[in-house]
Every structure is written in C-alpha cells, then in structure tokens.
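Take a look at the letters that make up each chain.
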Amino acid sequence: MMFLPEEKRLSLPVEADRVFALHRSINPVQVSLPGFPGQKAGAFVCVFSDNDGARIAVVLALHEAGRLYFFLDDEGPVPKDRIALLLDEALYFVEAMGYLMVDLEWNHLEETERDALWRNLPLKQGMPAPVKKVKNSAASSGDGAGNPVEGSGPGGSFADKEMEERRQRVIANLGRLFAAY
C-alpha cells in the first residue's frame, strides 16, 4: 500500500461518529513538502468510514503554513476487517518520518468526548491561517498582557514554550518507560 498526497484537500469533513481510530504525534518533525518551505509539522493518522468501507488519512499539520497536508491510501475504501492492517501501515509511514505517535483511544471515549475532541482538532475544519506577527504595532502595548498566547519575546510565544516543555516531559517519560523494559 502507498499513501499518496492529496494536495487540494484542506480538511476531513466527516462527523466524529464516522471515525474508527485516531492517532496523534507527540513531537513535531521538520518536513519538506512540494510547494511549502521546510517547516515543523505535527501528524495525525485517522481511520474513517467512506461510503462502502474504511479509508485512512495521514495528515501533516504544517505549523508555519497554517495548513493540513493530506496523504490518503491508494486502495480507496476497504472492508472494515482490513482496518488493523491499514492502521499499521499508516503508523509505519509516519514513524519512518520521525514521528512518535500516541493512540487517542478513540473507542474508549464516550460519544460526547469524541465529539468534543473531533471539534477541537484541526482535521474536520482545517487549520486557521497563520497570524503574521507585526513588530512595533500601535495596537500592541508591548507588554504582552493583551493575549498571553500571542505575546512573544526573544524565546517565542508563551504557548510555544509551554508546548515544548510538555513535549520534553513526554519524551523523557517515554525514555524512562522504555528503559524500564
């Protein structure tokens, strides 16, 4: 099986009840894709129903471009009994790029939790366009107090620092977990 880019797709407009499995990366990876400058991206692997069967999408969330980049399996809809094989191949595909993937335990979530999670991920609606930072803007007081997520300093935004700290803690915990076995 191959995963082919679907460059025109910007989102995965399916409802949460059509999603069978969902995995997300815990680390960003530097990627270089046609038509985009090299940049860090997160990854998702989503198995969803499509007419007569299941499809699998590998989705890269391009941070700088503010866009999702889709890869879909080349087989088209497949029977549900092949989902496990498809998922293994998709995970191998993204892990070969350097991603560490985590299962979001989709089947163990309540329906309301799945709906909320699906609404809050960029897959269904696509990513918002990136906000260009304007230096010395008259609208900014310069103290970063307006919005702590957008306030940036020499080390980047508050949200970027917090996410990087979280990623480092997860990676350290994974290292300890693997070392224990």
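Numbers given for residues are sequential positions, taken from 1 along each chain in its written order. For a predicted model such as this one, the threshold for reporting local features is a pLDDT of at least 70, and the threshold for listing and counting side-chain atom pairs is 80 or more; totals across whole chains, interfaces and linings nevertheless cover every residue. The side-chain values count all of the structure's non-hydrogen atoms but skip hydrogen atoms and water molecules.

Undergrad: Sorry if this is basic, but what is going on with the confidence of the model for the protein chain here?
TA: Residues shown with low pLDDT carry predicted positions that ought not to be read at fine detail. For the protein chain, mean pLDDT is 82; residues scoring 70 or higher make up 76% of the total. The score called pLDDT rates the predictor's confidence residue by residue, from a low of 0 to a high of 100. Secondary structure is summarised from DSSP: a helix means a run of H or I of at least four residues, a strand means a run of E of at least two, and numbering begins at the N terminus for each. Ranking the elements of the protein chain by mean pLDDT puts strand 8 (residues 152-153) last, at 40, and strand 7 (residues 101-103) first, at 96. By definition in these notes, contact holds between two residues if any of their heavy atoms fall within 4.5 Å. The model gives residues 137-156 a pLDDT under 50, and that stretch makes 12 contacts with residues more than four places away or in other chains.

Undergrad: How should the side chain of Asp-73 be read in this particular structure?
TA: Note that Asp-73 resides in strand 6 (residues 67-73). Note on exposure labels: buried denotes an accessible area under 20% of the residue type's maximum, exposed denotes more than 50%, and partly exposed covers the range between, all computed with a 1.4 Å probe on protein chains only. We classify Asp-73 as buried; its relative accessible area is 3%. Among all residues touching Asp-73, those that are not within four sequence positions of it are Met-1, Met-2, Phe-3, Arg-55, Ile-56 and Leu-86.

Undergrad: Please explain the environment of Tyr-99 as it appears in this structure.
TA: Considering the arrangement of structural elements, one finds Tyr-99 in the loop between helix 1 (83-96) and strand 7. The exposure class assigned to Tyr-99 is buried, which follows from its relative accessible area of 2%. Sequence separation between Tyr-99 and Phe-44 is 55 residues; the distance between their C-alpha atoms is 9.8 Å. Of the polar contacts made by the side chain of Tyr-99, one reaches the backbone oxygen of Ala-41; its length is 2.9 Å. The definition of a polar contact used here is a pair of N or O atoms within 3.5 Å, where within protein one atom must be able to donate a hydrogen and the other to accept one, and adjacent residues in sequence count solely through side-chain atom pairs.

Undergrad: What should I look at first to understand the pairing of strand 2 (residues 19-25) in this one?
TA: For a regular strand, the rule is simple: side chains alternate between the two faces of the sheet. Most of strand 2 is tucked away, with five of its seven residues classed as buried. Relative to strand 4 (residues 39-50), strand 2 is paired through five bridges, and the arrangement is antiparallel. Residue Arg-24 lies in a different strand from strand 4, and its bridge partner there is Phe-44. A pair of strands counts as paired when DSSP detects no fewer than two bridges linking them. Bridge count for strand 2 against strand 7 is three bridges, and the pairing is antiparallel. Within the sheet, the bridge partner assigned to Arg-24 lies in strand 7 and is Val-102.

Undergrad: Just checking my understanding: could you explain the packing of aromatic side chains for this structure?
TA: Given two aromatic rings, their pairing is described by the distance between the two centres and the angle made by the two planes. Two aromatic rings from Phe, Tyr or Trp, using only the six-membered ring of Trp, form a pair when their centres are within 6.5 Å; if the ring planes differ by under 30 degrees the pair is stacked, by over 60 it is edge-to-face, and anything between is tilted. On inspection of all chains with the given rule, the structure shows five aromatic pairs. Between the aromatic rings of Phe-71 and Phe-93, the centroid separation amounts to 5.5 Å while the plane-to-plane angle is 70°, which identifies the pairing as edge-to-face. Of this pair, Phe-71 sits in strand 6 while Phe-93 sits in helix 1, and the two are 22 residues apart along the sequence. By relative accessible area, which is 10% here, Phe-71 ends up buried.

Undergrad: What is the right way to read helix 1 from this model?
TA: Structurally, the α-helix is built with 3.6 residues per turn, so residues lying three or four positions apart point the same way. In this scheme, a helix's expected span is set at 1.5 Å multiplied by one less than its residue total. Taking 1.5 Å as the rise per residue, helix 1 with 14 residues should run 20 Å; its terminal C-alpha atoms sit 20 Å apart, in good agreement. Every buried residue belonging to helix 1 is among Ile-83, Leu-86, Leu-87, Ala-90, Leu-91 and Val-94, and all of these are buried. The buried residues of helix 1 occupy an angular sector of 130° when the element is viewed end-on, so they sit on one face. Helix 1 presents Ala-84, Asp-88, Tyr-92 and Ala-96 as exposed residues on the side facing more than 90 degrees away from its buried surface. Close packing links the buried residues of helix 1 with strand 1 (3-6), strand 2, strand 4, strand 5 (53-62), strand 6 and strand 7. When we speak of the arc, we mean the arc of directions from the helix axis to the C-beta atoms.

Undergrad: Just to check I follow, could you spell out the environment of Pro-13 for this structure?
TA: The topology assignment puts Pro-13 in the loop between strand 1 and strand 2. What makes Pro-13 exposed here is its relative accessible area of 57%.

Undergrad: Looking at this model, I keep getting lost on the pattern of salt bridges. Mind explaining?
TA: It is possible for side chains of opposite charge to pair when their charged atoms get near one another. Any Lys or Arg side-chain nitrogen found within 4 Å of a carboxyl oxygen on Asp or Glu counts as a salt bridge. Applying the stated criterion across every chain yields a total of five salt bridges. As a salt-bridge pair, Arg-55 and Asp-50 come within 4.0 Å of each other at their nearest N and O atoms. By the burial criterion, Arg-55 is buried, and Asp-50 matches it. Measuring nitrogen to oxygen at the nearest pair gives 3.3 Å for the salt bridge that ties Asp-73 to Arg-55. Of this pair, Asp-73 sits in strand 6 while Arg-55 sits in strand 5, placing them 18 residues apart in sequence. Judged by relative accessible area, Arg-55 falls into the buried class, the value being 14%. It is possible to trace a salt-bridge network through shared partners that takes in Asp-50, Arg-55 and Asp-73.

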